[in-house]
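Remarks on the overall topology
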Amino acid sequence: MNNHKIEYVDLRSDTVTSPTQEMRQEIYMARVGDHGYGEDETTIELEQYCARLFGKEAALFMPSGTMSDQVSIRCWTESGDEVILDRSYHINYFQAGPSTDLGKILLHTCETEDGVLGVEQIDNAITQRIRGNLFSRPALISLENTINGHGGRIFPIEALKDVYSYAQAKGIPVHIDGERFLNACVATNIPVNEYASFSDSISCSFSKGLGAPFGSIIMGKSEFIEKAKKYRRWYGGSLHQSGFMAGAALYAITNNISRLKEDHDHAKLLATLIQSNCECELDIEPPETNMIMLDTRKLGIKAVNFAGKCKEMGVLVYPWAPYTIRAVTHLDINTEKIRLASNVIANLCSQAMQHSQTERRLQGVEL
């Protein structure tokens, strides 16, 4: 019996990392208590640290980014309200079901080319529909930074300022799904508290680029966080000795922010090497943070099949859409793994393109 475990280069997501020995030590040494009574010292320290870092009054430790989003939506809305957001955002792409089921709200999606939702699109969403007491109310504007569905694109701070100013004039709160928000801060050199100031609530993940095994956090005014505590309990997220997980999160956010630049550099290197090693022209958007998106349509192969071929060659990527592959760099990926992955992906791209061209010739399609 062969028990040999294949060592994959795993680029499916930055959630696949394992805790380092230093992080495991922090988990082991965490000062814990029953946080159902608000007595877990490590969790309290984490929440206070994050509130200061993001320039908010208070913070609340959450089990996951999805729960962060769902609790935030619940705090800002009532049944039948509208949340205005871009179609590509995680809350619509992955959370449309729980958003409508748990929050009993409508997701009013807008279409943009790059996920950067602007004032004009938001205003159209609000004004191009009958409003009044008998109809749905635009209750929340939800943004995303970085924008997952557009390859980790950064939501520019100037665009964010414009949206926030508009929202304040309309009396509508702004929530930022900021699970990779710190990637945007590192890439732009904008201080975290300055970038986060143009929001009424914001989330951040510990289990993505920061490398912790668990957790997210939401931040905002004290009254928002007090309300969020109720819904966190309702949704089953009020943990007891949460300090073991909070210890990992605290280590991650105090030690692993600056190293996010390595992930960004690796993503750029991956994109460059794939394009230079491939024997056909490929359209890969220059990555702004730690993701690249590869369009497989011109290769004549569906994303799920391309991902399967990559797996056979020892590289794991994520089929994001029918003809879109996503690759994400993280702290378990080094330059050697980037070079290996780029060779595999480039070779498969060349083979797929050659096969597609042969098929077209056999079918009599002029190239």
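Refer to the structure above for everything that follows.
Summary of the structure given here. (Residues numbered from 1 in each chain as written. Predicted model: local features only at pLDDT ≥ 70, side-chain atom pairs only at ≥ 80, totals over all residues. Heavy atoms only, no water.)

This part covers the overall build of the protein chain. Across its full length, the protein chain carries 14 helices and 12 strands. Over its C-alpha atoms the protein chain spans a radius of gyration of 22 Å, differing by no more than 12% from the 21 Å that the globule rule assigns to 367 residues. Within the protein chain, the fraction of its 367 residues that count as buried is 53%. Carbon and sulfur atoms form 49% of the exposed surface of the protein chain, whose accessible area is close to 17,200 Å². Seen as two clouds, the 36 positive and the 46 negative side-chain charges of the protein chain have centres 3 Å apart. (Helix = DSSP H or I, 4+ residues; strand = E, 2+ residues; numbered from the N terminus. Rg over C-alpha atoms; globule rule 2.2 N^0.38 Å. Buried < 20%, exposed > 50% of the residue type's maximum accessible area, 1.4 Å probe, protein only. Areas by Shrake-Rupley, 256 points an atom, 1.4 Å probe, with all protein chains shown as cover. Lys, Arg positive; Asp, Glu negative; His and termini not counted. Charge placed at Lys NZ, Arg CZ, Asp CG, Glu CD.)

A word on the packing of aromatic side chains. Under the defined criterion, the tally for this structure stands at 11 aromatic pairs. Ring centres of Tyr 93 and Phe 94 lie 5.0 Å apart, and the angle between their planes is 85 degrees; on these two criteria the pair is classed as edge-to-face. The exposure class assigned to Tyr 93 is partly exposed, which follows from its relative accessible area of 36%. Judged by centre distance (5.4 Å) and plane angle (80 degrees), the rings of Phe 94 and Trp 320 are edge-to-face. (Phe/Tyr/Trp six-rings, centres within 6.5 Å; stacked < 30°, edge-to-face > 60°.)

Once that is clear, we can look at the sheet that holds strand β7 (residues 201-205). Pairing is mixed across the open sheet formed by 7 strands, whose spatial order is β2-β8-β7-β6-β5-β3-β4. Both edges of this open sheet fall to β2 (58-62) and β4 (106-110), since each of them pairs with a single strand only. Within this sheet the neighbouring strands show an average axis-to-axis angle of 20 degrees, counted without direction. Examined bridge by bridge, strand β3 (residues 82-86) and β4 share 5 bridges and lie parallel to one another. Across the sheet, residue Val 83 finds its bridge partner in β4, namely Leu 107. (Pairing = 2+ DSSP bridges. Axes fitted to C-alpha atoms, helices over the stretch in contact; angles between N-to-C directions.)

On their own, these measurements won't tell you what the molecule is for.
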